Amino acid sequence: VTDERRHATTGSVGAIAFTAALLAGTIALLFATGDLQPSAAVVPRIVAIPVALLLCYRLTRELLARARAATDRAGAGSRTAGEVGGPAVDVALSQSGGRAGQGTVEATGSRTDEGTRGVAAVVWLLALPAAATALGFIAGPAVWVVAWLRFRAHERLAVTLAAGAVAAVAIPGLFTGLLGVHLPTGLLGWFI
Amino acid sequence: LIQPILSAAWEGLGLVFSWPNIMYPVAGTVVAMVVAVLPGLSGAALMALAIPLTFGWDPLHVMLLYGALLGGATFMGSVTAILLNIPGTAPNAATLIDGYPMACKGQARTALAASATASALGSTFGVLVLIALLPLVTAIIPRIGPPEYLLLAIWGLLAIGTIIRGSVAKGLVAAGLGLMLSFIGFDMRTADLRFTFGTLYLQDGLSVVPVFLGLFALAETIDLSASGRATISGRTRVEELGGRAIDGIRAVYRNGGLFLRCSTIGTVIGMIPGLGGTVAGFVAWNEAARTDRTGSVGSGDIRGVIAPESANDAKDGGSLLPTLALGIPASTGTAVLLGVMMIHGIRPGQELLTEGLPLAFALIWALFLSNWITSIAGLSVVRPLSRLTVMKTRRLIPPIAVLAMLGAFAFRGRLADVWLAVLFGALGYLMKKYDWSRVAFVMALVLGPLFELNLQLTIDLQRFGRIDLWSRPSVLILTALIALTTIPTWARRRP
């Protein structure tokens, strides 16, 4: 089972929101072609219109899958505990290629946890360029490494500080010393 | 015709393997290997950085160094692609599609060994074709024009049908979005600014390096963090890893047909200016997927590693053909090489292919040597490198994220590229989570500019009577090839 398929969650809130966001982005690009000369706009329009239609189709399928799963769950309420969720899972499986373990609407607690951890990871990643912008490209990543290892990975303080020191030495050594890449200072002016 | 070429080849070989000349390709290879592991820094960037070093050097030494720099980066970029889902150089992006899932299954050693073997043999294939075609190439290359480029781009775009897994609609949307984003920036025909929304940064279009680093490397760090996986391979000790290096080497020989087809694809694409290694890698990977009857290519199949790696290295030989014979650079790397040759008074074309032929062969042998050195060095460190796949992910994420961020910055020196990489990291994670093909997206992103520019040029040339599209044999041959290879694929697909 590939990672791409392992994650398939047809009909989930996330899948619907993501498809809707892609559709909104495509429509925004389609509208942006309105200001262009006809010859510059023709190819983007030829691409964007079918993409928008396909996204509408996918969004409809996602919404239908969710509605069906909700109906099936409601219908399953009167059955025995062993049967609960069977039809809902069937719907999800029919939408996602027939593999087990690809349940519908954030079916399990672990999937909800995964979503929360995913959001947290994105926030942590955003902190990396933010640290580099504020503290420069040497101190920023080093501080970020220390923070990650200490607060996210819960590593021992000695390991954390050693990793931060390695980052602070390796980054300028490799990029500036060896390759001649100019690493800018941060807004706070540290580490020229 | 053949005798002078063979004697020049022999003379060039002697020049490379004499002391102290041998030091130049060896040193160049070592530096290229280190740089290729750092994402965002391509062999071309290193070649540009080395230009000031070579002022005052003997032209022979310059050719030896640059031959090594051109070839040394290709294989090592696949090491990070396989182990960490980070394409060391853009052409290695196709390798991670199957290479990384193999590492996740604990078969990193097999994948690395297959990659090293395919690289070494692929480069040999490319160099042999280069030597064989050198006398003929001056007649062929000038006949390739916008219609042929257009058909090659269409071939690549239609090949997306092979790589889509699951919903065809989702795959087509992903490709369409990739195409749309490739239109960002100046329209090359009308100079209209498209989809820049008033920002200066987007005027040059999206750079593929931060996009690749975000979609694959940073998306992977988010996924590793979100999934809570302890290690990439799911094993905690190196002894638990399956797959042996020897299996990877044998796999290349067992898939000899695929290797030859993909090396040919790489060499031909390498010859055509403007296509480059990234296109070669994806087209070759598509060939592996197209001929796969088990449906396993794309989810950790050794053939998905052999195909792009053989094409990537074979294209180096191919790319030297138009560069040396016509002075037309076929890639960024050969463009820098051409500039360096000009600086040192080496003029490509008739002069280089007659009086300067031993010098040209010194370059070719240096390229060949560097490809073998990197592959042999790679094979020798397969075991220690595979340890990365049993490292705790919480310790692995910081170096991946920092390297990806610095790689995104180092490519053009723009802070905005770093933010772009993070943005595409989040997008890549969501695409992975909700099963939208990232490969279709990047293929379309890479091929988009080639497709649009040559579509417009072909239409104009046809309209003004400068070409007769259907009287060109190359157009007919390419159209037939596209029909033969893509119609059966699309016919098999369900909506």
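Because the structure is a prediction, the values reported are computed rather than measured.

A. Geometry of helix α6 (residues 108-133) of chain B. Taking 1.5 Å per residue, 26 residues should reach 38 Å; α6 of chain B reaches 36 Å between its end C-alpha atoms and fits that length. For α6 of chain B, a buried count of 21 out of 26 residues is recorded, marking the element as mostly surrounded by other parts of the structure.

B. Broad picture of the pattern of salt bridges. On inspection of all chains with the given rule, the structure shows 15 salt bridges over all chains. The salt bridge partner of Glu-155 of chain A is Arg-394 of chain B, with a shortest N-O separation of 3.1 Å. Of this pair, Glu-155 of chain A sits in the loop between α5 (109-152) and α6 (157-178) while Arg-394 of chain B sits in helix α20 (residues 393-412), which puts the two residues in different chains. The closest approach of N and O atoms between Asp-223 of chain B and Lys-432 of chain B, which form a salt bridge, is 3.1 Å. Separated by 209 residues along the polypeptide, Asp-223 of chain B in helix α11 (residues 208-227) and Lys-432 of chain B in helix α21 (residues 415-433) bring together distant segments of the chain. Comparing Asp-223 of chain B with Lys-432 of chain B, the two get one shared label, buried. Here the salt bridges share partners, and the residues they tie into one network are Glu-155 of chain A together with Arg-394 and Arg-395 of chain B.

C. Highlighting the side chain of Thr-221 of chain B. Position of Thr-221 of chain B among the secondary structure elements: in helix α11. With sequence-adjacent residues up to four places away left out, Thr-221 of chain B is seen in contact with Leu-125 of chain A together with Ile-397, Ile-400 and Ala-401 of chain B.

D. View of unusual backbone geometry. Note the cis peptide between Trp-19 of chain B and Pro-20 of chain B, where omega equals 0 degrees. By the element assignment, Pro-20 of chain B lies in the loop between α1 (2-16) and α2 (23-37). Positive phi outside glycine occurs at His-154 of chain A, with the angle close to 55 degrees. Note on placement: His-154 of chain A falls in the loop between α5 and α6. Under the relative-accessibility criterion, His-154 of chain A is labelled exposed at 63%. Although it is not a glycine, Asp-435 of chain B adopts a positive phi angle of roughly 65 degrees. Its location among the elements puts Asp-435 of chain B in the loop between α21 and α22 (438-463).

E. Region of the structure containing the interface of chain A and chain B. In this assembly, 63 residues from chain A lie in contact with 67 residues from chain B. At the boundary of chain A with chain B, total buried surface from both sides reaches about 5,700 Å², with 75% on carbon and sulfur atoms. Our count for the contact surface shared by chain A and chain B stands at two salt bridges. Applying the counting rule to chain A against chain B returns 10 residue pairs in polar contact (both at pLDDT 80 or more). Going through the elements one at a time, α1 (3-6), α2 (13-32), α3 (38-76), α5 and α6 of chain A are the ones with two or more residues in the side of chain A that touches chain B. A total of 20 residues in the side of chain A that touches chain B trace back to one element, the largest contributor, which is α5 of chain A. Looking at the side of chain A that touches chain B, its residues break down into 39 nonpolar, 14 polar and 10 charged.

Rules and cut-offs
- Residues numbered from 1 in each chain as written.
- Chains lettered and ligands numbered in written order.
- Predicted model: local features only at pLDDT ≥ 70, side-chain atom pairs only at ≥ 80, totals over all residues.
- Heavy atoms only, no water.
- Helix = DSSP H or I, 4+ residues; strand = E, 2+ residues; numbered from the N terminus.
- Expected span 1.5 Å × (residues − 1).
- Buried < 20%, exposed > 50% of the residue type's maximum accessible area, 1.4 Å probe, protein only.
- Salt bridge = Lys/Arg side-chain N within 4 Å of Asp/Glu carboxyl O.
- Contact = heavy atoms within 4.5 Å.
- Buried area = accessible area lost by both parts, 1.4 Å probe.
- Polar contact = N/O pair within 3.5 Å; in protein donor to acceptor, adjacent residues only side chain to side chain.
- Nonpolar A, V, L, I, M, F, W, Y, C, P; charged D, E, K, R; others polar.

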